[in-house]
Amino acid sequence: MLKGEYEKQLATVALFPYRKDVWRKDAVPAQKMIVELVNAIAKYQDVVLGILPGTKDEILRHYGFLPRVKLFEVMYDDCWARDMLASVCEDEHGDKRVNALGFNAYGGELYASWENDAALNENLIGAVFGYDVKHYPVTMEWGNLTPDGNGTVFVVEDSVVNANRNPGMTKEEIERVLLECTGARQLIWLPFGLPGDETGGHIDNVLAFADRHTMLLSYTDDRSNPHYEATHTIYDLLSKVKDADGEPYDIVKLPVPKYHKRTASDSDGILDADGSFDREAGDDVLYTYVNYTQVNGAVILPSFGIEEDKEAYDVIKKVYPGRDIIAMDASEAFLGGGGFHCLTKHIN
């Protein structure tokens, strides 16, 4: 069964950004952001940062890392560790294994080649942590699967029951595979994620768990917010959901801001490459606070320099009374399509 992300962790894995068709200004702002992120995490636990082979000396000339950050050379196509890397499952005997799902760069819609990403479970988690890897016949991103740590997993349907990932498979067939893969007792489908999510809809922009009973949920009461209808529909659905033991969840509402409007600077220097997602000035960019990452003793919370930052911080501080809450600027991450949760993978 999958443990909750709030439980004790062995380490965090992240990947060093480099794609110039995803990240602006030769990916330098994104690289500075990931270095700040992994160093913040390394104050609490070990971090493995994947880097391209042959780049270590150049990276160390420009950036410094805390002692608990280990640089590991491996081939990869982009840096969304959450989506490519499988979660560690533990059976009733305490044996651990990586149960991997297929990966195809979000239905092949965000970048053109993903063979290295699809092999990362063996080449990174298996190689570094020594876990065996078993593959399951469903293609989806792990950022679209959140466990409560008590036998229930949550998945957005739109981006899984979809011909661009699982052609010819029914919802029921996919559910059977995911239950076997995760060891869960039940799977809760959400019909859609937040509008503007370039992945097609991921659960980690919608909800997260602080413990087995407490769900943080993206929500707004502002009718002018483009997320109003989706967040209210999802809240109404989840208010009726029971966990695997028949108990309701305690739902805590976390604000979700309006879109950020991409500026010319936000798109500066991004290369136009075949098969890559267009990132042009004037586009709407999704911001969410629920896309935070949990580590031993702390929560790394996105902030954006907007008025909702304080409300989000206060909510998280109340829900995680025993942890440090580290608010960090996540604007650069979301310009590339995701948040701190998307960029990191916890290892149990």
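Structure's up top.
Residues numbered from 1 in each chain as written. Predicted model: local features only at pLDDT ≥ 70, side-chain atom pairs only at ≥ 80, totals over all residues. Heavy atoms only, no water.

Caption draft 1: Inspection of the sheet that holds strand E15 (residues 293–295) at higher detail. The 3 strands lie next to each other as E15-E16-E17, forming an open sheet whose pairing is mixed. This sheet does not close on itself; its edge strands, each paired only once, are E15 and strand E17 (324–329). Direction aside, neighbouring strands of the sheet carry axes that sit 25° apart on average. Summarising the sheet, strand E16 (residues 298–303) and E17 pair through 6 bridges and their orientation is parallel. Its bridge partner lying in E17, Ile300 is registered against Ile326. (Pairing = 2+ DSSP bridges. Helix = DSSP H or I, 4+ residues; strand = E, 2+ residues; numbered from the N terminus. Axes fitted to C-alpha atoms, helices over the stretch in contact; angles between N-to-C directions.)

Caption draft 2: Summary view of the nonpolar core. One finds Leu49 and Tyr292 to be the most contacted residues of the largest nonpolar core, which totals 96 residues. Broken down by element, the residue count for this core peaks at 8 residues, all from helix H1 (residues 28–41). Each residue touching Leu49, except ones within four places of it in the same chain, is listed here: Ala14, Leu15, Phe16, Ile34, Val38, Phe65, Val69, Lys70, Leu71 and Phe72. (Core = buried A, V, L, I, M, F, W, Y, C linked by side-chain atoms within 4.5 Å. Buried < 20%, exposed > 50% of the residue type's maximum accessible area, 1.4 Å probe, protein only. Contact = heavy atoms within 4.5 Å.)

Caption draft 3: Inspection of the pattern of salt bridges at higher detail. The full count for this structure, using the stated rule, is 15 salt bridges. With a closest N to O distance of 3.4 Å, Lys3 and Glu90 form a salt bridge. Linking Lys3 in the segment before strand E1 (11–15) with Glu90 in strand E4 (residues 88–90), this pair joins segments that are 87 residues apart in sequence. The exposure class of Lys3 is partly exposed, given its relative accessible area of 28%. With relative accessibility at 25%, the residue Glu90 sits in the partly exposed group. (Salt bridge = Lys/Arg side-chain N within 4 Å of Asp/Glu carboxyl O.)

Caption draft 4: Spatial organisation of a negative patch on the surface. On the surface, Asp272, Asp274, Asp278 and Glu280 cluster together into a negatively charged patch. Here Asp272 shows up in the loop between strand E13 (260–261) and strand E14 (284–285). (Patch = residues over 30% accessible without salt bridge, like charges linked within 9 Å, V, L, I, M, F, W, Y side chains within 5 Å. Areas by Shrake-Rupley, 256 points an atom, 1.4 Å probe, with all protein chains shown as cover. Lys, Arg positive; Asp, Glu negative; His and termini not counted. Charge placed at Lys NZ, Arg CZ, Asp CG, Glu CD.)

Caption draft 5: Geometry of unusual backbone geometry. With a phi angle near 50°, Lys25 is a residue other than glycine that sits in the positive phi range. Residue Lys25 is classed as partly exposed on the basis of its relative accessible area, which comes to 34%.

Caption draft 6: A look at the sheet that holds strand E9 (residues 186–190). Taking strand neighbours across the sheet as the criterion, the 3 strands line up as E7-E8-E9 in an open arrangement whose pairing is mixed. One side of each edge strand has no neighbouring strand; the edge strands of this open sheet are strand E7 (145–147) and E9. In this sheet, neighbouring strand axes are inclined to one another by 25° on average, regardless of whether the strands run parallel or antiparallel. Relative to E9, strand E8 (residues 152–156) runs parallel, the two being bridged by 5 bridges. From the neighbouring strand, Phe154 faces E9, where its bridge partner is Ile188. The sheet strands contacting helix H7 (residues 171–182) are E7, E8 and E9, and the helix crosses E9 at an angle near 130°.

Caption draft 7: Spotlight on the pairing of E1. For E1, the buried fraction is high: 5 of the 5 residues fall into the buried class. Alternating positions in E1 separate into two faces, Ala11, Val13 and Leu15 on one and Thr12 and Ala14 on the other, with burial throughout. As paired elements, E1 and strand E2 (residues 46–51) share 5 bridges and run parallel to each other. Bridge pairing in E2 places Leu15 opposite Gly50. The β-α-β motif built from E1, the intervening H1 and the parallel element E2 has right-handed crossover chirality. The pairing of E1 with strand E18 (residues 344–347) spans 4 bridges and is classified as antiparallel. The residue bridging Ala11 from the neighbouring strand is Ile347, located in E18. (Right-handed = clockwise from strand over helix to strand, strands pointing away.)

Caption draft 8: Region of interest: H1. Taking 1.5 Å per residue, 14 residues should reach 20 Å; H1 reaches 20 Å between its end C-alpha atoms and fits that length. A large share of H1 lies buried, amounting to 11 of its 14 residues. If you check which residues of H1 are buried, you get Pro29, Ala30, Gln31, Met33, Ile34, Val35, Leu37, Val38, Asn39, Ala40 and Ile41. (Expected span 1.5 Å × (residues − 1).)

Caption draft 9: Representation of the side chain of Glu5 within the structure. With respect to the helices and strands, the residue Glu5 is situated in the segment before E1. Owing to a relative accessible area of 10%, Glu5 belongs among the buried residues under this scheme. A distance of 2.8 Å separates a polar atom in the side chain of Glu5 from a polar atom in the side chain of His341. Setting aside residues no more than four positions away along its own chain, Glu5 makes contact with Arg82, Pro147, Gln294, His341 and His346. (Polar contact = N/O pair within 3.5 Å; in protein donor to acceptor, adjacent residues only side chain to side chain.)

Caption draft 10: How the structure looks around helix H6 (residues 120–129). Among all positions in H6, only Leu120, Asn121, Leu124, Ile125 and Gly126 are buried. A positive phi of about 80° marks Gly130, the residue just after H6.

Caption draft 11: View of the environment of His135. Assignment of secondary structure puts His135 in strand E6 (residues 133–139). On the basis of relative accessibility, which here comes to 45%, the residue His135 falls in the partly exposed class. Polar contacts involving the side chain of His135 include one to the side chain of Glu122, which spans 2.4 Å.

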